[in-house]
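# Survey of secondary and tertiary structure
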There are 4 protein chains.
Amino acid sequence: MRLLAIGDIVGRSGRRAVKVNLGGLRRELGLDLVIANGENAAGGKGITKEVAQELFASGIDVLTMGNHVWNKKESFEYISRETRIVRPANYPPGVPGSGSGIYVTPGKVKVGVINLAGRVFLPAIDCPFRKADEIIARIKEKAQVVIVDFHAEATSEKVAMGWYLDGRVTAVVGTHTHVQTADERVLPGGTAYITDLGMTGPIDSVIGVKKEIIIDKFLTQIPQYFEVATGPFQFNGAVIEINEDTGEAVSIERIINYE
Amino acid sequence: MRLLAIGDIVGRSGRRAVKVNLGGLRRELGLDLVIANGENAAGGKGITKEVAQELFASGIDVLTMGNHVWNKKESFEYISRETRIVRPANYPPGVPGSGSGIYVTPGKVKVGVINLAGRVFLPAIDCPFRKADEIIARIKEKAQVVIVDFHAEATSEKVAMGWYLDGRVTAVVGTHTHVQTADERVLPGGTAYITDLGMTGPIDSVIGVKKEIIIDKFLTQIPQYFEVATGPFQFNGAVIEINEDTGEAVSIERIINYE
Amino acid sequence: MRLLAIGDIVGRSGRRAVKVNLGGLRRELGLDLVIANGENAAGGKGITKEVAQELFASGIDVLTMGNHVWNKKESFEYISRETRIVRPANYPPGVPGSGSGIYVTPGKVKVGVINLAGRVFLPAIDCPFRKADEIIARIKEKAQVVIVDFHAEATSEKVAMGWYLDGRVTAVVGTHTHVQTADERVLPGGTAYITDLGMTGPIDSVIGVKKEIIIDKFLTQIPQYFEVATGPFQFNGAVIEINEDTGEAVSIERIINYE
Amino acid sequence: MRLLAIGDIVGRSGRRAVKVNLGGLRRELGLDLVIANGENAAGGKGITKEVAQELFASGIDVLTMGNHVWNKKESFEYISRETRIVRPANYPPGVPGSGSGIYVTPGKVKVGVINLAGRVFLPAIDCPFRKADEIIARIKEKAQVVIVDFHAEATSEKVAMGWYLDGRVTAVVGTHTHVQTADERVLPGGTAYITDLGMTGPIDSVIGVKKEIIIDKFLTQIPQYFEVATGPFQFNGAVIEINEDTGEAVSIERIINYE
Ligand SMILES: [Fe+2]
Ligand SMILES: [Fe+2]
Ligand SMILES: [Fe+2]
Ligand SMILES: [Fe+2]
Ligand SMILES: [Fe+2]
Ligand SMILES: [Fe+2]
Ligand SMILES: [Fe+2]
Ligand SMILES: [Fe+2]
């Protein structure tokens, strides 16, 4: 089977990139499942029901999240109900939503999707490594294919997670930095890995935000309202070819499309 | 002219990667200048005179540094004297060494090299943006071609620096994360940009370090001695084609070689 | 002469504490100048014209600020004009407002007030130590008595600043942690020092904020709106007895009043 | 009963302060138990068997630790065996040592001692709040009197812990900042609280370290070897008067002695 993982979708521009690209990619590549990081989909910060439904309508099957998952309090109830949204599993017990789910492809393959968040330079949530152990033990009984979106800042934490889960899951794909990395590969144990899928959103921006705003912030250190940039988009992600019988990845290939 | 910029060289493995790759690349690509980030060249942390001289002998013309520049106190005096070593220019006044230099290619082109370090998730040194302004104003009188190694963690800070200097320098190449990014391009103003050149060192490692050590550190949070990994190397960098009359970049191309 | 320095005033509760306490203290102690940290005076975050004027009317002569100075964009213009407000001097050039001022007591003593902010665990602004050197050199020509409000998180940075300026200014008083420290003393060079003046605001709170909110934040790691607590107030500060001829501090005494 | 809690003992100077002060205090105050934070007792960083035994010989009954607990690898085995040493309980499973213990006073009162570490600006270990719940549930079955040393940086996290445990333990005493706070009080639920006990070590220092070294570090941002300062010491701590039948604190009083 073939799975597409899309990097952080940022605002209106990113949603347009999904709409424009996904139909063609589905046909061309014969995709069985499409997951995407949606933590910046609503105006650059968080998600709403309307935005999520627009993305599902564009062909995304599962939305994973990240540190911006809690940006819109009005969406907590929706995040709790919507089974196609998965937020970082290593938030403490009691927070809204779920950290993993099992999704069935048209070809009846069960795919487990786990979302984890890093802790280096990010909020002090529960250990993503031990949480991975815990969920994988559970999910592997039901799904042979398991994809982990590890939403984290530090390359050390992300690369370590790749090695830690090598041979135990189908793929570990990183998100959060909004810049695609060129280190995609299938690790020796059969796990596809990439440090960051990149960003799906406005090209001429600083990781999605109007560049003048971010530059001004660095020059003055005065907090700013981060407005999503406009202009042509980029579409970032990776296609993973999977042996659904073994749950091993066969290959991983980066995608960068420009408007 | 053609310049090669090499990502963080890590330990013995990285130095071997340079020795093995650089001769061939110089010939094939007709390189006029080779710069490399050497902050991890000596046992993964800092630089020594012996290690620097080994790298110069392998064909590197200029070594830039980063947050690990001060790891070996016994090298401070050497860093102060060696004009082919450039450390982040935005360290406070009074620290050893120099933050920029001008180097002459065999074809008599003067190339300014500036090293800057980011401050997001890193030590609180002087503003890299204002320091860039200051040095560029000075160096541009003497060198048409100017290369900036921006050694930083956060993608936001690095991408912002690219835009900030677009049209004012020939290239902004990022270092420090040890993972090459796939966002190389020539920005609209003529500045070649890449968020991170990646790492030249052991492939099967966590950003150069033995993977078992880093995984153990994440699992226990007990500080560890970071031993450089062994095994086959990767060679990471980018080649920049430059119009030496205008100082503009014509193209930037990533290099990833494996042992 | 005698100067009162008041710790971070938080919200309505803190302003009431000032109003209730300051008249009596002025009379009892024969105060010549009253400075206060006002960075949390308006609803816990930042300052407004109305709130500042209320505090001036209550008897405060100078308001210093901190990392929350930029919380209310509508006040930037006011902060720029109001000479009785001083914001951290080590923000980069070009930001609104001034980092120091000279104020004249009823007894015609000129008192320089400098506001600096720390960088450990706080925004990466300019070096507070070098900025202190620069301003002191300038201000000492006009004012014998100089008070520094060093708004910082880490005790190491604050204690270091005390020693760095010992013998060069009249007092270094710390703010920002909202908890008064018990280390007040006159250092050997004649500079009064305290790591933190504490908080003037609601007692039964977590540094001014409703305690249930902060506890919930620590338990869930979900960002929260920080509502200022209500209930009885505490008034925190320190009185510094000064030899106005030499500019040396004679004594420093902590004040903690409860409603 | 009466318990003395001593703030972070730093190096030789701090150990001398204990030796000089503790005998007298034991007699004067009629102390039933003495606990002390020992994370900096050996040369400013960590603990060794020799240093611990010197402190036990001086009259300390229990040593709690902090983020420096892992500084000396050669002591891991000792920390694992020595039941009078308690390290932060919220380190992940599998690390050496224990996070709590029960100690019996000469008058046969059982006192539970729990060590926890904060996560704000500190390593990402397990949640100290949930870990507190877990241990208290267990320890309360065996000991009526329970003391928590919460080793943390941020005042918000420490004050929040005080409120969180109010009425459930006898005392929450903070350590780590090396500066004593003046906010000691018995909270409404009967829990004695202080944000930081302070430091027992060299007075004329920056939180125990030679002041010239720390100032130089702030000025240059070059990492330094942190040498413990010499000269006269201070002894910092707090005495807690406890109703051993109810486990409630009756009073808490700060101690600051100078050499
Ligand atoms: Fe994102
Ligand atoms: Fe994110
Ligand atoms: Fe590096
Ligand atoms: Fe680095
Ligand atoms: Fe404050
Ligand atoms: Fe503050
Ligand atoms: Fe300590
Ligand atoms: Fe500590």
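Values in this document were obtained by computation on a predicted structure and should not be read as measured data. Throughout, a residue's number is its position along its own chain's written sequence, starting from 1. Here chains are named by letter from A upward and ligands by number from 1 upward, in the order in which they appear as written. Thresholds applied to this predicted model are a pLDDT of at least 70 for local features of residues and 80 or more for the giving and counting of side-chain atom pairs; totals over whole chains, interfaces and linings are not thresholded and use all residues. Neither water nor hydrogens contribute to the side-chain values; these are computed over all heavy atoms in the structure.

### A few points about the coordination of the iron ion (ligand 5)
Residue and element names in this part refer to chain C.
- For the iron ion (ligand 5), the full set of protein donor atoms is Asp-8 (OD), Glu-39 (OE), Asn-40 (OD1) and His-178 (NE2), at a range of 2.1 to 2.2 Å.
- The sequence motif formed by the donor residues of the iron ion (ligand 5) is D-x30-E-N-x137-H.
- A distance of 3.4 Å spans the gap from the iron ion (ligand 5) to the iron ion (ligand 6), which Glu-39 bridges by coordinating each metal. Residue Asn-40 is located in the loop between strand E3 (33–37) and helix H2 (49–57), and its partner His-178 is located in the loop between strand E9 (171–175) and strand E10 (185–186); the two are separated by 138 residues in the primary sequence. Across the pair, His-178 and Asn-40 agree in class, each one buried. The rule for donors is simple: N, O or S, within 2.8 Å of the metal, or within 3.2 Å if the metal is Na, K or Ca. Water isn't counted, so a site may look like it is missing partners. Each helix is a run of DSSP H or I of at least 4 residues and each strand a run of E of at least 2, with the numbering of both proceeding from the N terminus. Using a 1.4 Å probe on the protein chains alone, a residue whose accessible area is under 20% of its type maximum counts as buried, one over 50% counts as exposed, and one in between counts as partly exposed.

### Overview of helix H1 (residues 11–29) of chain B
All names here are of chain B.
- In this analysis, the expected span of each helix is defined as 1.5 Å times one less than the number of residues it contains. With 19 residues, H1 should reach 27 Å at 1.5 Å per residue; the first-to-last C-alpha distance of 26 Å fits that figure.
- The angle between axes fitted to the seven residues ending at a residue and the seven residues starting there is what we call the bend at that residue. The sharpest bend along H1 reaches about 35° and sits at Asn-21.
- Inspection of H1 places Gly-11, Ser-13, Gly-14, Arg-15, Ala-17, Val-18, Asn-21, Leu-22, Gly-24 and Leu-25 among the buried residues, and these make up the whole buried set.
- Looking at the residues trailing H1, positive phi occurs at Gly-30, about 60°.

### Concerning the side chain of Asp-196 of chain B
Residue and element names in this part refer to chain B.
- Considering the arrangement of structural elements, one finds Asp-196 in the loop between strand E11 (192–194) and strand E12 (199–202).
- A relative accessible area of 0% places Asp-196 in the buried class.
- A polar contact of 3.5 Å, which involves the side chain of Asp-196, links it to the backbone nitrogen of His-176.
- Dropping the residues within four chain positions of it, Asp-196 is found in contact with Lys-158, Gly-174, Thr-175, His-176, Thr-177, His-178, Val-179, Gln-180 and Thr-181. Two N or O atoms form a polar contact when they lie within 3.5 Å of each other; inside protein one atom must be a possible hydrogen donor and the other a possible acceptor, and for residues adjacent in sequence the pair counts only when both atoms belong to side chains. Throughout, a contact is declared for two residues whenever any of their heavy atoms are within 4.5 Å.

### Focus on the sheet that holds E9 of chain C
Residue and element names in this part refer to chain C.
- For two strands to be treated as a pair, DSSP must find no fewer than two bridges joining them. Strand order in the open sheet formed by six strands is E6-E7-E8-E9-E11-E10, and the pairing between neighbours is mixed. Two strands lie at the open edges of the sheet, namely strand E6 (100–104) and E10, each paired on one side alone.
- Here, axes are lines fitted to C-alpha atoms. For helices the fit covers the stretch in contact, and angles between N-to-C directions go from 0 to 180 degrees. Of the strands in this sheet, E6, strand E7 (110–117) and strand E8 (145–151) are in contact with helix H4 (residues 128–139), which crosses E7 at around 165°.
- With respect to the sheet, helix H5 (residues 155–165) is in contact with E7, E8, E9, E10 and strand E11 (192–194), its orientation differing from that of E9 by roughly 170°.

### A look at the pairing of E6 of chain C
- Pairing geometry for E6 of chain C and E7 of chain C, over five bridges, is antiparallel. Counterpart to Tyr-103 of chain C in the pairing with E7 of chain C is Val-111 of chain C.

### Structural notes on the UniProt feature "binding site: Fe cation 1" (unreviewed entry) in chain A
Residue and element names in this part refer to chain A.
- UniProt positions are given in the numbering used here, feature names are shortened, and annotations may be inferred rather than shown by experiment. Following the UniProt record, the feature "binding site: Fe cation 1" (unreviewed entry) maps to Asp-8, Glu-39, Asn-40 and His-178 here. Despite a sequence span of 171 residues, these residues sit close together in the fold, their greatest C-alpha distance being 11.4 Å.
- Note on placement: Glu-39 falls in the loop between strand E3 (33–37) and helix H2 (49–57).
- Residue Glu-39 is classed as buried on the basis of its relative accessible area of 1%.
- The residues contacting Glu-39, other than those within four sequence positions of it, are Asp-8, Lys-45, Gly-46, Thr-64, Met-65, Gly-66, Asn-67, His-68, His-151, His-176 and His-178.
- Residue Asn-40 is classed as buried on the basis of its relative accessible area of 4%.
- Apart from the residues within four sequence positions on either side, Asn-40 is in contact with Asp-8, Ile-9, Val-10, Gly-11, Lys-45, Gly-46, His-68 and His-178.

### Some thoughts on the relation of the copies chain B and chain A
- Our superposition of the copies is a least-squares fit, built on the C-alpha atoms of residues whose pLDDT is at least 70 in both. With an RMSD of 0.0 Å, the operation that places chain B on chain A is a rotation of 180° combined with a shift of 0.0 Å along the axis. Expressed as a symmetry operation, the mapping of one chain copy onto the other fits a two-fold axis. The C-alpha atom lying nearest the rotation axis in chain B is that of Thr-181 of chain B; the distance is 1.9 Å.
- Most of the interface of chain B is mirrored in chain A: 100% of its interface residues are interface residues there too.

### What to know about the relation of the copies chain B and chain D
- For the pair chain B and chain D, the superposition axis carries a translation of 0.0 Å, the fit reaches an RMSD of 0.0 Å, and the rotation angle comes to 180°.
- A share of 100% of the interface residues of chain B reappears at the interface of chain D, consistent with the copies meeting face to face through the same patch.

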